[in-house]
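# A structural walkthrough
In case you want the letters, here they are:
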Number of protein chains: 2
Amino acid sequence: MSNKEKVPENTAVRLSLCLRYLREMKDDENISSEQLAQLTGIPSARIRKDLSYFGQFGTPGKGYTVGKLKEQISKALGLDRQWNIALVGVGKLGRALLNYLTFKKSSFHIRAGFDVEREKIGKKISGVKIYDPYQMPKIIREKKIHMGIVTVPQEAAQEAVDLLVISGVKAILNFSPVRVVVPRYVKLRNVDLASQIEVIPFYLAKDNFPDR
Amino acid sequence: MSNKEKVPENTAVRLSLCLRYLREMKDDENISSEQLAQLTGIPSARIRKDLSYFGQFGTPGKGYTVGKLKEQISKALGLDRQWNIALVGVGKLGRALLNYLTFKKSSFHIRAGFDVEREKIGKKISGVKIYDPYQMPKIIREKKIHMGIVTVPQEAAQEAVDLLVISGVKAILNFSPVRVVVPRYVKLRNVDLASQIEVIPFYLAKDNFPDR
């Protein structure tokens with residue numbers, strides 16, 4: 001479906017947001033890019049450009065059919081199949097993410113958890129079995145796990161990432177507030193919760209926005 | 001310190017990342033924008049441009065003094081003062097954030113938690129007292145709270161945000177995966193953990209990157 005142009009990183013983020021609103025609508029409804037813009041806060045021209053990377057969507061003047069658009073965005077994002085996840089670090093943040101990911105009709109399934117705490121190993125948390133990290137290569141192979149989510153303390157992050165890479169995982173979402181290194185063939189995405197909070201005072205300092 | 005040019009949204013995010021690395025260095029060390037680029041993965045020209053919004057930093061050819069740069073970025077980001085926070089929703093994610101925010105030397109202090117669960121109200125969690133949401137306007141005034149962090153379930157998010165706004169909070173960080181509405185004078189930042197995960201398969205689908 002993709003053309004020769006390189007797809008910007010944020011396209012996936014924006015389309016994912018569109019998808020969230022489309023999921024709340026009926027499949028046979030129609031929606032224009034302007035309506036989608038109003039719902040999501042993304043400019044309509046940006047939405048049309050984002051969709052254009054993946055081929056022809058909708059009818060000019062008539063907009064999109066919700067069901068069809070949902071299906072095509074899902075396919076573009078790779079959400080039309082099942083993704084198996086390993087969660088490394090089953091502390092408070094890890095358990096919060098377990099809850100987030102147990103929503104219905106999700107493409108994502110946490111198939112295994114890993115934690116160094118002895119009292120967690122062998123138990124099930126939110127229906128997910130927790131293993132000792134030394135079992136990672138075996139479990140990840142057996143359960144056909146594609147991606148890892150890392151929610152361990154800062155000082156353990158690189159070790160957790162290395163274990164995932166050795167185990168054959170091709171994508172990692174790192175929540176530890178530290179820079180980790182992966183080989184080129186592994187996709188790494190960092191989510192830094194602390195800096196999400198740290199940037200807010202900047203917006204509160206009005207003189208940073210002289211034209212308001 | 002700011003000039004007439006509008007500061008881009010992502011400048012604060014990038015400077016916050018730079019700050020993280022500077023904090024690990026000694027104050028009297030020197031660092032060039034190229035070294036900072038290597039550490040953070042941000043292009044050095046971008047770093048110099050980001051810094052330029054806030055005045056003149058460093059000496060051409062010699063780079064920056066770590067201590068001075070840290071101080072100036074902190075000031076630019078508004079981190080040279082104390083920010084008081086209210087946490088609305090003290091579930092798993094809320095408690096994970098409480099842990100995140102108890103790091104030393106932080107500019108952020110969670111001064112109060114709010115939750116509808118009776119068994120939490122009146123108790124202390126990670127040293128923070130939990131209140132009934134109806135007490136919000138009073139507590140926020142008394143404790144001089146500037147910003148709110150919302151970690152309630154989706155269906156309760158708008159109500160939580162409305163209560164914060166009524167209580168006089170000027171900035172809100174929303175972790176609920178739903179779009180909420182605030183008046184123009186309130187700064188809202190959404191952190192959508194689910195979509196952070198949802199965009200990963202896109203990167204795994206290699207044909208989205210024809211030039212790799």
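Notes on the structure in this doc start here. (Residues numbered from 1 in each chain as written. Chains lettered and ligands numbered in written order. Predicted model: local features only at pLDDT ≥ 70, side-chain atom pairs only at ≥ 80, totals over all residues. Heavy atoms only, no water.)

### Examining the overall build of chain A
Our working rule: Numbering of helices and strands runs from the N terminus, with a helix taken as a DSSP run of H or I at least four residues long and a strand as a DSSP run of E at least two residues long. Residue exposure (1.4 Å probe, protein chains only): buried if accessible area is under 20% of the type maximum, exposed if over 50%, otherwise partly exposed. Residue contacts are counted whenever heavy atoms from the two residues lie within 4.5 Å of one another. Here the Shrake-Rupley method, with its probe set to 1.4 Å, supplies the accessible areas, and only the displayed protein chains count as covering residues. Lys and Arg are tallied as positive, Asp and Glu as negative. Neither His nor the chain termini are counted. All charge positions are set by atom: Lys at NZ, Arg at CZ, Asp at CG, Glu at CD.
Each helix and strand counted, chain A has nine helices and nine strands in total. Principal-axis analysis of the C-alpha atoms gives chain A an extent of 60 × 45 × 35 Å. Looking at chain A as a whole, 53% of its 212 residues are labelled buried. Taking as baseline every contact in chain A between residues at least 6 positions apart, the subset at least 24 positions apart corresponds to 56%. When the accessible area of chain A is evaluated, it comes to approximately 10,700 Å², of which 51% is carbon and sulfur surface. Separation of charge centres in chain A, based on 35 positive and 22 negative side chains, amounts to 6 Å.

### Brief notes about the packing of helix H1 (residues 9–23) of chain A against helix H3 (residues 44–52) of chain A
Residues and elements named next belong to chain A. To keep things clear, this is the line we draw: Angles shown run from 0 to 180 degrees and are taken between the N-to-C directions of axes, each axis being a line fitted to C-alpha atoms and, for helices, limited to the stretch in contact. Roughly parallel covers angles under 35 degrees, roughly antiparallel covers those over 145, roughly perpendicular covers 65 to 115, and oblique covers all other angles. Three classes are used, and their members are as follows: Ala, Val, Leu, Ile, Met, Phe, Trp, Tyr, Cys and Pro are nonpolar, Asp, Glu, Lys and Arg are charged, and the others, Gly among them, are polar.
For the pair H1 and H3, interaxial distance at closest approach is 10 Å and the crossing angle is 110 degrees. Here H1 is positioned roughly perpendicular relative to H3, judged by the angle of their axes. Where H1 approaches H3, its residues Thr 11, Arg 14, Leu 15 and Cys 18 are matched on the opposing element by Arg 46, Ile 47, Asp 50 and Leu 51. Across the contact of H1 with H3, the residue classes break down as four nonpolar, one polar and three charged.

### Structural notes on the relation of the copies chain B and chain A
Applicable threshold: Least squares is the method for superposing the copies, and the C-alpha atoms it fits come from residues with pLDDT of at least 70 in both.
The operation relating chain B to chain A is a screw motion whose rotation component is 180 degrees, with 0.0 Å of axial translation and a residual RMSD of 0.0 Å. Here the copies are linked by what is in effect a two-fold axis. Both copies share a contact surface, since 100% of the interface residues of chain B are interface residues in chain A too.

### Section: the packing of aromatic side chains
The line we're drawing: Centres within 6.5 Å are what make two rings of Phe, Tyr or Trp a pair, Trp counting through its six-membered ring; a difference in plane orientation under 30 degrees is then read as stacked, over 60 as edge-to-face, and the rest as tilted. Put simply, a charge is over a ring when the Lys NZ or the Arg CZ is close to the ring centre, within 6 Å, and near the line of the ring normal, within 35 degrees.
Applying the stated criterion across every chain yields a total of four aromatic pairs over all chains. Judged by centre distance (6.2 Å) and plane angle (75 degrees), the rings of A:Phe54 and B:Phe202 are edge-to-face. Taken together, the residues span two chains, with A:Phe54 in the loop between H3 and strand S2 (64–65) and B:Phe202 in helix H9 (residues 200–204). The burial state of A:Phe54 is the same as that of B:Phe202; both residues are buried. With centroids separated by 5.9 Å and ring planes inclined at 40 degrees, the aromatic side chains of A:Phe114 and A:Tyr131 adopt a geometry described as tilted. Here A:Phe114, found in strand S4 (residues 108–114), pairs with A:Tyr131, found in strand S6 (residues 128–131); they are 17 residues apart in sequence, far enough to count as distant. A:Tyr131 shares its class with A:Phe114; the two are buried. The aromatic ring of A:Trp83 is capped on one face by A:Arg81, whose charged end is 3.9 Å from the ring centroid.

### So, unusual backbone geometry
Backbone geometry at A:Lys144 places phi at a positive 50 degrees, although glycine is not the residue there. Assessed through its relative accessible area of 59%, A:Lys144 is described here as exposed. With phi around 50 degrees, B:Ser126 is a residue other than glycine that occupies positive phi space. One can find B:Ser126 in the loop between strand S5 (124–125) and strand S6 (128–131).

### Considerations on the pattern of salt bridges
Keep this limit in mind: The salt bridge criterion pairs a side-chain nitrogen of Lys or Arg with a carboxyl oxygen of Asp or Glu, the two atoms within 4 Å.
As enumerated under the stated definition, the model contains 16 salt bridges over all chains in all. A:Lys120 is the partner of A:Glu117 in a salt bridge, and the nearest nitrogen-oxygen pair spans 3.8 Å. Two residues, B:Lys70 and B:Asp27, come together in a salt bridge whose shortest N-O distance is 2.7 Å. Here B:Lys70 is found in helix H4 (residues 66–77), whereas its partner B:Asp27 is found in the loop between helix H1 (9–23) and strand S1 (30–31), with 43 residues between them in sequence. On the basis of relative accessibility, which here comes to 18%, the residue B:Lys70 falls in the buried class. For B:Asp27, a relative accessible area of 44% translates into the label partly exposed. Salt bridges linked by common partners bring A:Arg14, A:Arg46 and A:Asp50 together as one network.

### Considerations on the sheet that holds S6(B)
Residue and element names in this part refer to chain B. Operational definition: A pair of strands is treated as paired once DSSP finds two or more bridges between them.
Spatially, S5-S6-S4-S3-S7-S8-S9 is the arrangement adopted by the seven strands of the open sheet, whose pairing is mixed. If you trace the sheet from one side to the other, it starts and ends with S5 and strand S9 (187–190), each paired once. Bridging between S5 and S6 involves two bridges; their strand directions are antiparallel. Its bridge partner lying in S6, Lys 124 is registered against Lys 129.

### So, the environment of B:Pro43
Residues and elements named next belong to chain B. Take Pro 43: it is sitting in the loop between helix H2 (33–40) and helix H3 (44–52). According to the relative accessible area criterion, Pro 43 is exposed, its value standing at 52%. Separated by 144 residues in the primary sequence, Pro 43 and Lys 187 place their C-alpha atoms 28 Å from one another.

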